[in-house]
Number of protein chains: 2
Amino acid sequence: MEEKRFRPEYLLDFTTEIFMHIGCSRADADAVARVLIAAELRDHSSHGMIRVKEYYEMWKAGRVNTVPVVKVVHETPSTAVVDGDRGFGMVTGMASMKLAIEKAAVTGTGWVAARNSNHFGIAGYYAMMALEHDMVGICVTNANPLVAPTWSVSRYLGTNPLAVAVPALNEPPFVADFASTPIARGKLAVAEKKGEKVPFGFVQDGDGMPSDDPSVLRRGGSMLTLGGDREHGSHKGYCLTAVVDIFSSLFSGANFGPFVPPSVAYLPVLDKKVGEGTGHFFGAMRIDAFRPAEEFKASMDEWIHTFRNAEPSKGQSRVLIPGDPEREAEEKYKREGLKLVPAVVEDLKIIAGETGIEFIF
Amino acid sequence: MEEKRFRPEYLLDFTTEIFMHIGCSRADADAVARVLIAAELRDHSSHGMIRVKEYYEMWKAGRVNTVPVVKVVHETPSTAVVDGDRGFGMVTGMASMKLAIEKAAVTGTGWVAARNSNHFGIAGYYAMMALEHDMVGICVTNANPLVAPTWSVSRYLGTNPLAVAVPALNEPPFVADFASTPIARGKLAVAEKKGEKVPFGFVQDGDGMPSDDPSVLRRGGSMLTLGGDREHGSHKGYCLTAVVDIFSSLFSGANFGPFVPPSVAYLPVLDKKVGEGTGHFFGAMRIDAFRPAEEFKASMDEWIHTFRNAEPSKGQSRVLIPGDPEREAEEKYKREGLKLVPAVVEDLKIIAGETGIEFIF
């Protein structure tokens, strides 16, 4: 049997309807759906349609406000703090990044810290919003604590991603969008389900000893920062993850580190809070605030050519520019349609049934 | 025989005199000396007094301008581009960071890109300049190409460091200052001299195959990005190193990647250039541009307490906050004096002889 493929536009409409059904305005529902579909298209399906059910459950549990009033609570010419009013992260995220872009248009750069938000999908989406304005876009967020600082067994940090998008002239943009851990939580879960071991350097057991068993995460174990162990630079990965956490929480007054609220309803609300909700941080930098835009972009083309023409290692056919794999996936899925894993399709069927929204699968 | 220790103030005066002797103004010579001594105090001796000879040789070779006129060539309310006029990196660096701080005081944040500069010592020095102004400081620089992108054998990137300094209230500040490779070049050189192997994940051979032999760097090999290999996230390390390179060069029009000029006179000037000299990037963010400063700093204290009280792994006694080891080293060396390795003392004796400056060793 041929596997079902979905047109991205179809999934966008369907998902928008679901979020409108639970109370979101059309614009807000569209924001949520758009970022989820973008994740699917860019082959980050861990941040894609699988989240529809999680968000839906968070709404059912009363842990997301579907009619938020996103407010600017403090600002200067180049900065602002946005309160997301417990809404979906995409609503906070888009409003915040738009504001960063507006501020950059006036003062050269714009920096917006957000609090009282929720899971916002792929950080790269917001960073890329800057590109059409000839700006460099930056976005970071903290996330559920799963990761231990170097020399510790405490799950005090998230897989805290960072994204940086840089416009080029004739080349496609440079888009780095990566978690600050060697591997995503989702991939460890898959390995565990299959009963497979993982390479050393991804997780440690409850004593902080090296482990190749992903199931240690359910027995007091923790994920490791980029670098894996101290000898291989895990303390640098810890620095990076910590910086992302601080930017995501301290500037806005959101929860940091171990106090970041869960993004799924099956994990309990934490007893202690040190701020408001989940936090993000957004930046936009007008390239012509530094150099003429054409000159910057032509130079970026040269950067990209240089690195794309680097000599591949033996057995490799080419050297990638950050953003290449995602862009190629996007082109392919737009042409061929998106595949969803059966479990996600089943979840969507259930939600379709509960909401009375038609789902053609 | 007891090992000689130097008072930091003595080395500062001596080093300042050397740089004045080769033409620097007192202020510029003081800037160079101050950043080198700070590196020694913070136990980053690879960026400390060992550089005096290298800088001196660069001057002899006519590759550094000791009487630079550092100029702002472009600016907006929150940004500027500085041309270092081929001077020592510390001169460009201090002027640029001061300007970033001034801009932040007015518009909330300040971002300064520098070109036509040289090696500037430890990035952390500039980031920390922001702290006394209740600002977060950021500094990155690119460096001599030694590092290969993931899946490549081309030495196209430097060990590109990044530094972020965040003020706290009663706690000492958070200061992350780290190269974006698992290990420093200097440590590989030491292992090679001793004929020792290194762990896999630091270097690869000329075919891009894993190696534990640091001498491969002299036979077409290259250093690896943080993560080590693709499986362990080297592509994320590549993203990070690339972002630092782009920020250091593209905003100002300095050389990027493989075209970053050598910081030592024994390596030839490159045939091709794609910009002006070495580049850096500096940022200052007023914390009260986001939240009341006391509130931000009290929250940062809580962040630091939380992470310092994380549970240590078995066999470890404590969990560190970025900046702890350097601060403790600084306290110790200020009390006990600085040790210099014999080869560095010998170099300083030679320079003292050539310049006629007294050196008491």
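Residues numbered from 1 in each chain as written. Chains lettered and ligands numbered in written order. Predicted model: local features only at pLDDT ≥ 70, side-chain atom pairs only at ≥ 80, totals over all residues.

### Notes on the overall build of chain A
Move 1: From N to C terminus, chain A includes 10 helices and 10 strands.
Move 2: Computed over its C-alpha atoms, the radius of gyration of chain A comes to 20 Å, within 12% of the 21 Å expected for a compact globule of 361 residues.
Move 3: Referenced to the eigenvectors of the C-alpha coordinate spread, the extents of chain A come out at roughly 55 × 50 × 50 Å.
Move 4: By the burial criterion, 58% of the 361 residues in chain A qualify as buried. (Helix = DSSP H or I, 4+ residues; strand = E, 2+ residues; numbered from the N terminus. Rg over C-alpha atoms; globule rule 2.2 N^0.38 Å. Buried ≥ 20, exposed ≤ 12 C-beta atoms within 10 Å, placed from the backbone.)

### A closer look at the nonpolar core
Proteins that are soluble and globular tend to have nonpolar side chains buried together.
Move 1: By size, the foremost hydrophobic cluster in this structure holds 232 residues, and its most contacted members are A:Val32, A:Ala127, A:Val164, B:Val32, B:Ala127 and B:Val164.
Move 2: Both domains that furnish three or more residues to this core are identified here as domain 1 (8-64 + 331-355) and domain 2 (71-144 + 155-178 + 236-289) of chain B.
Move 3: Ignoring anything within four residues of it in the chain, the contact list for A:Val164 reads A:Ala127, A:Val136, A:Ile138, A:Ala176 and B:Val243. (Core = buried A, V, L, I, M, F, W, Y, C linked by C-beta atoms within 7 Å. Domains from an automatic or database assignment. Contact = placed C-beta atoms within 7 Å.)

### Quick look at helix H3 (residues 50-60) of chain B
Residues and elements named next belong to chain B.
Move 1: By the burial criterion, the buried members of H3 are Arg 51, Val 52, Tyr 55, Tyr 56 and Met 58. The arc that holds the buried residues of H3, viewed along the axis, is 160°, so those residues lie on one side.
Move 2: Following H3 by one or two positions, Gly 62 has its phi on the positive side, about 70°. (Arc of directions from axis to C-beta.)

### Description of the sheet that holds strand E4 (residues 135-141) of chain B
Note on sheets: strands pair through backbone hydrogen bonds, and any given pair is parallel or antiparallel.
All names here are of chain B.
Move 1: In spatial order, the strands read E1-E2-E3-E10-E4-E5-E6; together these seven strands make up an open sheet with mixed pairing. In this open sheet, the two strands that pair with only one neighbour each are strand E1 (71-76) and strand E6 (174-179). Taking the axes of each pair of neighbouring strands and ignoring which way they run, one obtains an average angle of 10° across the sheet.
Move 2: Pairing geometry for strand E5 (residues 161-166) and E6, over six bridges, is antiparallel. Residue pairing in the sheet places Ala 165 in a bridge with Val 175 of E6. (Pairing = 2+ DSSP bridges. Axes fitted to C-alpha atoms, helices over the stretch in contact; angles between N-to-C directions.)

### Let's talk about the interface of chain A and chain B
Move 1: In this complex, chain A contributes 69 residues to the contact, which on the side of chain B involves 69 residues.
Move 2: Residue assignment for the side of chain A that touches chain B shows that the elements contributing at least two residues are strand E1 (71-76), strand E2 (79-83), strand E3 (109-117), strand E5 (161-166), strand E6 (174-179), helix H7 (234-249) and helix H8 (293-308) of chain A.
Move 3: The leading source of residues in the side of chain A that touches chain B is H8(A), at seven residues.
Move 4: Among the residues forming the side of chain A that touches chain B, the class breakdown is 39 nonpolar, 23 polar and seven charged. (Nonpolar A, V, L, I, M, F, W, Y, C, P; charged D, E, K, R; others polar.)

### Focus: H7(A)
Move 1: The end-to-end C-alpha separation of H7(A) is 22 Å, in line with the 22 Å expected for 16 residues at 1.5 Å each.
Move 2: In terms of residue burial, H7(A) counts as a mostly covered element, since 16 of its 16 residues are buried. (Expected span 1.5 Å × (residues − 1).)

### Observations concerning the environment of B:Glu171
All names here are of chain B.
Move 1: In this fold, Glu 171 is placed in the loop between E5 and E6.
Move 2: Residue classification places Glu 171 among the partly exposed positions, given that 17 C-beta atoms sit within 10 Å.
Move 3: Glu 171 sits 130 residues away from Asp 301 along the chain, and the two C-alpha atoms are 5.8 Å apart.

### Points about the environment of A:Leu250
Move 1: Within the element layout of this structure, A:Leu250 appears in the loop between H7 and strand E10 (278-286).
Move 2: Expressed as a C-alpha distance, the spacing of A:Leu250 and A:Arg42, which sit 208 residues apart in the sequence, is 30 Å.
Move 3: Beyond its immediate stretch of four places on either side in the chain, A:Leu250 contacts A:Phe256, B:Phe296, B:Ser299, B:Met300 and B:Trp303.

### Topic: the relation of the copies chain A and chain B
Move 1: With an axial shift of 0.0 Å and an RMSD of 0.0 Å, the rotation relating chain A to chain B amounts to 180°. One copy is carried onto the other by what is essentially a two-fold rotation axis. Identified as the residue of chain A closest to the rotation axis by C-alpha distance is A:Gly227, at 2.3 Å.
Move 2: Both copies share a contact surface, since 100% of the interface residues of chain A are interface residues in chain B too. (Least-squares fit on C-alpha atoms with pLDDT ≥ 70 in both.)

### Regarding the pairing of E1(B)
All names here are of chain B.
Move 1: Here E1 runs beside strand E2 (residues 79-83); their pairing, made up of five bridges, is antiparallel. Counterpart to Glu 75 in the pairing with E2 is Ala 80.
Move 2: Joining the antiparallel neighbours E1 and E2 is a turn of two residues.

### Some points on the sheet that holds strand E8 (residues 210-211) of chain A
All names here are of chain A.
Move 1: The three strands are arranged E8-E7-E9 in an open sheet whose pairing can be described as antiparallel. At either margin of the open sheet sits one strand with a lone partner, and together these are E8 and strand E9 (222-223).
Move 2: In this structure, strand E7 (residues 203-204) lies alongside E8, joined through two bridges in antiparallel fashion. Residue pairing across strands places Val 203 opposite Ser 211, the latter belonging to E8.

### Some details on the packing of helix H2 (residues 26-41) of chain A against helix H4 (residues 89-107) of chain A
Residue and element names in this part refer to chain A.
Move 1: Running from N to C, H2 and H4 cross one another at 95°; their axes reach a closest spacing of 8 Å. Compared by their axis directions, H2 and H4 come out roughly perpendicular. Between H2 and H4, the contacting residues are Asp 28, Ala 31, Val 32 and Val 35 on the first element and Met 90, Val 91 and Met 94 on the second.
Move 2: For the contact of H2 with H4, a count of residues per class yields six nonpolar, no polar and one charged. (Parallel < 35°, antiparallel > 145°, perpendicular 65-115°, else oblique.)

### Considerations on unusual backbone geometry
All names here are of chain A.
Move 1: Positive phi values are uncommon outside glycine, yet Asp 43 reaches one of about 65°.
Move 2: Mapping Asp 43 onto the fold places it in the loop between H2 and helix H3 (50-60).
Move 3: We classify Asp 43 as partly exposed; it has 15 C-beta atoms within 10 Å.

### Some words on the pairing of E10(A)
When a strand is regular, its side chains alternate between the sheet's two faces.
All names here are of chain A.
Move 1: For E10, the tally of buried residues reaches nine of nine residues, placing the bulk of the element in the interior.
Move 2: Note that E3 and E10 share seven bridges and pair antiparallel. Among the inter-strand pairings, Trp 111 is bridged to a residue of E10, identified as Gly 283.
Move 3: Here strand E4 (residues 135-141) runs beside E10; their pairing, made up of seven bridges, is antiparallel. If you follow Ile 138 over to E10, its bridge partner there is Gly 283.

### Remarks on the environment of A:Arg230
All names here are of chain A.
Move 1: Note that Arg 230 resides in the loop between E9 and H7.
Move 2: A C-alpha to C-alpha distance of 6.7 Å links Arg 230 and Thr 150, two positions 80 residues apart in sequence.
Move 3: Excluding anything up to four places from it in sequence, Arg 230 contacts Thr 150, Trp 151 and His 235.

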